[in-house]
Amino acid sequence: NKKIQKIMHDYNCDIEIHSKGKVYIDEYEYLKIKTAGVSNRNAKYVLETRCPVHDISTFIYKNIYNIEVFSLLFYPNGENKEKEELKRRIKEIENIEITTSMLDNYDIVNKYSDKGCAVEVIAKKYSVDNFEIMACGDNLNDLNMMKLSGLSVAVNNADKEIKDIADYVTDTND
């Protein structure tokens with residue numbers, strides 16, 4: 001979505017694109033992590049799991065119909081006001097949902113492609129009732145899936161909102 005791309009570039013954040021089972025990152029960001037180890041996440045993990053592309057904006061433009069998730073990554077202790085403004089602007093876009101899968105990030109997805117929708121489709125395909133489904137989660141991208149399931153379990157270090165709706169809270173996943 002071109003509106004998302006425009007908004008993303010107005011803010012100080014790194015961009016990752018999830019497409020066809022891979023995660024893409026701008027080559028500049030990748031090399032910065034590789035040479036300096038600078039990242040708001042585990043540098044080794046990022047280098048092993050991300051595919052660098054020469055220009056993330058061009059990549060987005062060329063692959064717009066294959067993008068599953070736009071991930072926006074903010075540096076820890078950044079401006080929360082800026083993050084909230086970005087979130088407000090993204091929420092104004094029709095059929096888009098904004099959630100989070102870890103501290104200091106936003107995941108932007110099609111409104112009908114979250115984990116809850118995926119579980120619903122699979123359950124319908126295999127004639128499974130919601131009360132037969134168990135879901136485990138730790139962050140807000142798990143919220144709809146956990147609400148849909150008959151039994152929901154949050155890990156102890158989960159987001160407060162996830163722990164509040166969970167049937168059970170178990171050990172941490174750290």
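Structure: above.
Parameters at a glance
- Residues numbered from 1 in each chain as written.
- Predicted model: local features only at pLDDT ≥ 70, side-chain atom pairs only at ≥ 80, totals over all residues.
- Heavy atoms only, no water.
- Helix = DSSP H or I, 4+ residues; strand = E, 2+ residues; numbered from the N terminus.
- Polar contact = N/O pair within 3.5 Å; in protein donor to acceptor, adjacent residues only side chain to side chain.
- Core = buried A, V, L, I, M, F, W, Y, C linked by side-chain atoms within 4.5 Å.
- Buried < 20%, exposed > 50% of the residue type's maximum accessible area, 1.4 Å probe, protein only.
- Contact = heavy atoms within 4.5 Å.
- 1 Å grid on protein atoms, 1.4 Å probe; cavity = no way out; pocket = protein on both sides within 12 Å on 5 of 7 lines; lining within 4 Å.
- Points joined across faces, edges and corners; volume = space filled by probe spheres on them.
- Nonpolar A, V, L, I, M, F, W, Y, C, P; charged D, E, K, R; others polar.

A. Fine view of the side chain of E16. Here E16 lies in strand 1 (residues 14-19). Side-chain polar atoms of E16 contact the side chain of R50, separated by 3.0 Å.

B. Broad picture of the nonpolar core. Among the nonpolar cores identified, the biggest contains 23 residues, and I17, L72, L86 and I90 are the most heavily contacted of them. Not counting chain neighbours up to four residues away, the residues in contact with I90 comprise I4, I7, I96, I98 and I108. If you look at the next biggest cluster of nonpolar residues, it comprises 13 residues, including A123, A154, A158 and A166.

C. Representation of the environment of V153 within the structure. For V153, the position within the fold is in strand 8 (residues 151-155). V153 sits in the buried class, given a relative accessible area of 11%. In the structure, V153 is positioned 91 residues away from K62 in sequence and 39 Å away in space, judged by C-alpha atoms. Every residue in contact with V153, bar those within four places of it in the chain, is listed here: M134, A135, C136, G137, M146, A166, Y168 and T170.

D. Examining the layout of surface pockets more closely. Counted as a void, the largest pocket has a volume near 420 Å³. Residue lining of the largest pocket: 21 residues in total, with K87, T99, T100, N139 and L140 positioned closest to the centre. If one sorts the elements of the lining of the largest pocket by residue count, helix 5 (residues 80-91) sits on top with four residues. Each residue belonging to the lining of the largest pocket can be placed in one class, and the counts come to six nonpolar, six polar and nine charged.

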